[in-house]
Amino acid sequence: MTQFLDIAGLCARIDADGQEKEILRGVDLSIPPGEVHAIMGPNGSGKSTLSYVLAGREDYEVTAGSVTFQGQDLLAMEPEERAAAGLFLAFQSPIELPGVNNANFLRTAVNAVRRARGQEELDAVAFLKTAREASKALSMAPDMLKRNVNVGFSGGEKKRNEVLQMTLLQPSFAILDETDSGLDVDALRIVAEGVNRLRSPSFSALVITHHQRLLDYLVPDRIHVMAKGRIIHSGGPELAKQIDSEGYTRFLAEAA
Amino acid sequence: MPAVTETREAVEKLGQSSYKWGFETEIDMDLAPKGLNEDTIRLISARKEEPEWLLEWRLSAFKAWQQMTEPTWAKVKYPPIDYQDAHYYAAPKKKPGPKSLEEVDPELLRTYEKLGIPLHEQAMLAGVELPEGETARPPVAVDAVFDSVSVVTTFRKTLEEAGVIFCPISEAVKDHPDLVRKYLGTVVPAGDNFFAALNSAAFTDGSFVFVPKGVRCPMELSTYFRINARNTGQFERTLIVVEDGASVSYLEGCTAPMRDENQLHAAVVELVAMEDASIKYSTVQNWYPGDENGRGGIYNFVTKRGACRGARSKISWTQVETGSAITWKYPSCILQGEGSVGEFYSVAVTNNHQQADTGTKMIHIGRNTRSTIIAKTISAGQSDSTYRGLVRVLPKAYGARNFTQCDSLLIGDRCGAHTVPYIENRNMGARIEHEATTSKISEDQLFYCRQRGLSEEDAVGLIVNGFCRDVLKELPMEFAVEAQKLLQISLEGSVG
């Protein structure tokens, strides 16, 4: 049966300084609608690469495998088409856009996506109202909508700004790439609540994290362990605690 | 209201990739024979029924020009121009009778229509006044220069009531000869430089603005230039004089039809600001830049200079230059009056094979004079763009201050950006600051925007507009919207 998101035998490489480097070596992963899955794994296992490949970053070359998203061939789509189709990536290191007003950027993005989805565009007043409410729910300072996109934001502000964008763009599938890194406990809780508010039968998420703590707030349906470009183990939410106490050694040994 | 809606629509149509204003109007032309000599100048002067002193002035400029050589110091390359192979006068043939809209060649009006028309409403052209309260924005008066001869000037009446003179310079020569004679050539002398001398000898028309003492011009003044006839160089002459305590905001916009041959444009703009006067001069220049192989396009060799003669006077230049094959342009301020202020805000975009060498000169003469220069340069394709600026502080300019910021943005890896600041300081108490940056639109930024649903072109537009924000915010509303769209359009196809 086709799932909401089906990744099968996905291989991808990057050209680093003239050297082809294989990073994904046959990723198999399925996420049903309405579920939140987490990916954990040691550094350099390919977690962020997976998120970039799913979002359509051109630096990576897909050499084998397929990704089906809501019945569509995801890999054949441009990044903006993927966004319109409902895919959202919360960046591990959000990018700065000097001179670009945050509210203006958000509205341009929201309306681009709404246009592509056949929805009516939001006018400035309606948008600002929605954006203010959403940013307040994330305990963001009121002036953050007026500032330039991510310029001069603290690490925590950048992450909240990612969650704000996610809230406004209303994706059906969100990838959160270490959104918890660099956050203090309070910020972590606020960000997790922001994600939890989106949870519904028509929203799925893939959460990449190193820490069990985020998963305490954001209880996943499944947890996958990724190493050396493959999913080597999958289990229920209890897996997080096991990894936290034992590390990845046992899974790595089993996979070898 | 005015220019905005129509202009935006016109510009959006432009956005369908190629230069859509490449139409040519079939219209009866009155053409002088090719070449520039004393006879041509006499012909121009006679056609315009000019007084003797102006003819003499033209002839002396011509003599000076003959002794001069074309400047070669700018970082631009182009084949030699044969100045004798161009027409120096082209005017739509006049029909007898009183001037009214019906008198205007319908082809001409259709051209305005096609332009979309920044020369906005036909109703305005016809002199129909807007119903009360229909628009919150102040109206814009337009002086249309259609291949050298100003055809219609709107809003003359409202301006007259305020005491403001806004008319074609050829008319000003007839109606206000003393004013023209008093100021013409006093900021940019006839023999100032090669192109200015050429203009002084051969100028056909342009705009004249005079704002008397204490008057704030009740509306923004606007001239839309358009080069239409094949092979006629256009030599516009603009003179703006603002008396004590008066102020004016002047908008200049340009579009030109597509051409295979390069067309020369050598305009001269002179601004005079007296005590406590202020002049804001904004330009959006969108002339045909040539095709993607560098064929055709306008040569834009312009001399623009303002004199802050009175104490506390202020001249502010804002320019968005997206068009022309070659741009050679340095709007400058002579800061003579004590405490006078000069500003230069510039965005120059080059794509494909365009070349731009542009900047400013700030000459600090008086005490406590201040100047600000913000120049944003964007290069894409195989284009080359240079900022060239001079800040000169003379010995008596005690307390002079200058701040200069030059930022370059590169798109792709085949374009060039250069910054050439000249600083000459002869007063130890002056403070001069210069900041410069060069950056590229990063893949990260593009991907981030696209992941949020923006197309690649929209993403570039957003990033570029962000880069230019400090300059764009200086533009009057009418132009700001147009300029933003233009930036994006001129960079289409520059990534990916």
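About the cut-offs
Residues numbered from 1 in each chain as written. Chains lettered and ligands numbered in written order. Predicted model: local features only at pLDDT ≥ 70, side-chain atom pairs only at ≥ 80, totals over all residues. Heavy atoms only, no water. Helix = DSSP H or I, 4+ residues; strand = E, 2+ residues; numbered from the N terminus. Contact = heavy atoms within 4.5 Å. Areas by Shrake-Rupley, 256 points an atom, 1.4 Å probe, with all protein chains shown as cover. Axes fitted to C-alpha atoms, helices over the stretch in contact; angles between N-to-C directions. Left-handed = near helix turned anticlockwise from the far one by under 90°. Nonpolar A, V, L, I, M, F, W, Y, C, P; charged D, E, K, R; others polar. Pairing = 2+ DSSP bridges. Phe/Tyr/Trp six-rings, centres within 6.5 Å; stacked < 30°, edge-to-face > 60°. Buried < 20%, exposed > 50% of the residue type's maximum accessible area, 1.4 Å probe, protein only. Lys NZ or Arg CZ within 6 Å of the ring centre and 35° of its normal.

Concerning the overall build of chain B
Then step 1. The secondary structure content of chain B amounts to 13 helices and 23 strands.
Then step 2. Sequence separation of at least 24 residues holds for 85% of the intrachain contacts in chain B that already meet a minimum separation of 6.
Then step 3. Total accessible area on chain B stands at roughly 18,900 Å², and carbon and sulfur atoms take up 48% of it.

Considerations on the packing of helix α3 (residues 102–116) of chain A against helix α5 (residues 155–169) of chain A
Residues and elements named next belong to chain A.
Then step 1. Contact geometry for α3 and α5: axes closest at 10 Å, N-to-C directions at 35 degrees. In this structure, α3 meets α5 at a crossing whose hand is right-handed. Where α3 abuts α5, its residues Asn102, Phe105, Leu106, Ala109, Val110 and Val113 lie against Asn161, Leu164, Gln165, Leu168 and Leu169.
Then step 2. The class makeup of the residues in the contact of α3 with α5 is eight nonpolar, three polar and no charged.

Here's the deal with the sheet that holds strand β9 (residues 173–177) of chain A
Two strands in a sheet stick together by hydrogen bonds in their backbones, pointing the same way (parallel) or opposite ways (antiparallel).
Residue and element names in this part refer to chain A.
Then step 1. The strand order across the open sheet built from six strands is β6-β9-β10-β3-β11-β12, with neighbouring strands paired in mixed fashion. The open sheet is flanked by β6 (87–90) and β12 (230–235), the only strands paired with a single partner. Going from strand to strand, the sheet's axes swing by 20 degrees on average, the running direction of each strand aside.
Then step 2. Two elements, β6 and β9, share four bridges in a ladder whose sense is parallel. Paired with Phe88 across the bridge in β9 is Ala174.
Then step 3. Across the sheet, helix α1 (residues 47–55) touches β3 (36–40), β6, β9, β10 (204–208) and β11 (222–227), and the angle it forms with β6 is around 145 degrees.

Things to note about the pairing of strand β16 (residues 332–335) of chain B
All names here are of chain B.
Then step 1. Bridge count between strand β13 (residues 298–308) and β16: four bridges; the pairing is parallel. Bridging across to β16, Ala307 finds its partner in Ile334.
Then step 2. Taken together, the four bridges between β16 and strand β18 (residues 355–364) define a ladder with parallel strand orientation. If you follow Ile334 over to β18, its bridge partner there is Ile363.

Looking at the sheet that holds strand β4 (residues 60–69) of chain A
Residues and elements named next belong to chain A.
Then step 1. A sheet is described by the order of its strands in space; here four strands give the open sequence β2-β1-β4-β5, paired in antiparallel fashion. Both edges of this open sheet fall to β2 (19–31) and β5 (72–73), since each of them pairs with a single strand only.
Then step 2. Here strand β1 (residues 5–16) pairs with β2 via 10 bridges, running antiparallel. Directly across from Asp6, in β2, lies its bridge partner Ser30.

A short note on the packing of aromatic side chains
Then step 1. This structure, assessed with the given rule, holds 28 aromatic pairs over all chains.
Then step 2. Centroid distance Trp73(B) to Tyr330(B): 5.6 Å. Interplanar angle 50 degrees. Geometry classified as tilted. Of the two residues, Trp73(B) is situated in the loop between α3 (52–67) and β2 (90–92) and Tyr330(B) in the loop between β15 (326–329) and β16; the sequence distance between them amounts to 257 residues.
Then step 3. A relative accessible area of 10% means that Tyr330(B) is categorised as buried.
Then step 4. With a centroid separation of 5.9 Å and 65 degrees between ring planes, the pair formed by Tyr299(B) and Phe301(B) is classed as edge-to-face.
Then step 5. Counting every residue linked through ring pairs, the aromatic cluster contains Phe62(B), Trp65(B), Trp73(B), Tyr78(B), Tyr83(B), Phe194(B), Phe195(B), Tyr299(B), Phe301(B), Trp328(B) and Tyr330(B).
Then step 6. Between the NZ or CZ atom of Arg57(A) and the centre of the ring of Tyr52(A), over which it lies, the distance is 5.8 Å.
Then step 7. Above the ring of Phe203(B), the side-chain terminus of Arg58(B) is found at 4.1 Å from the ring centroid.

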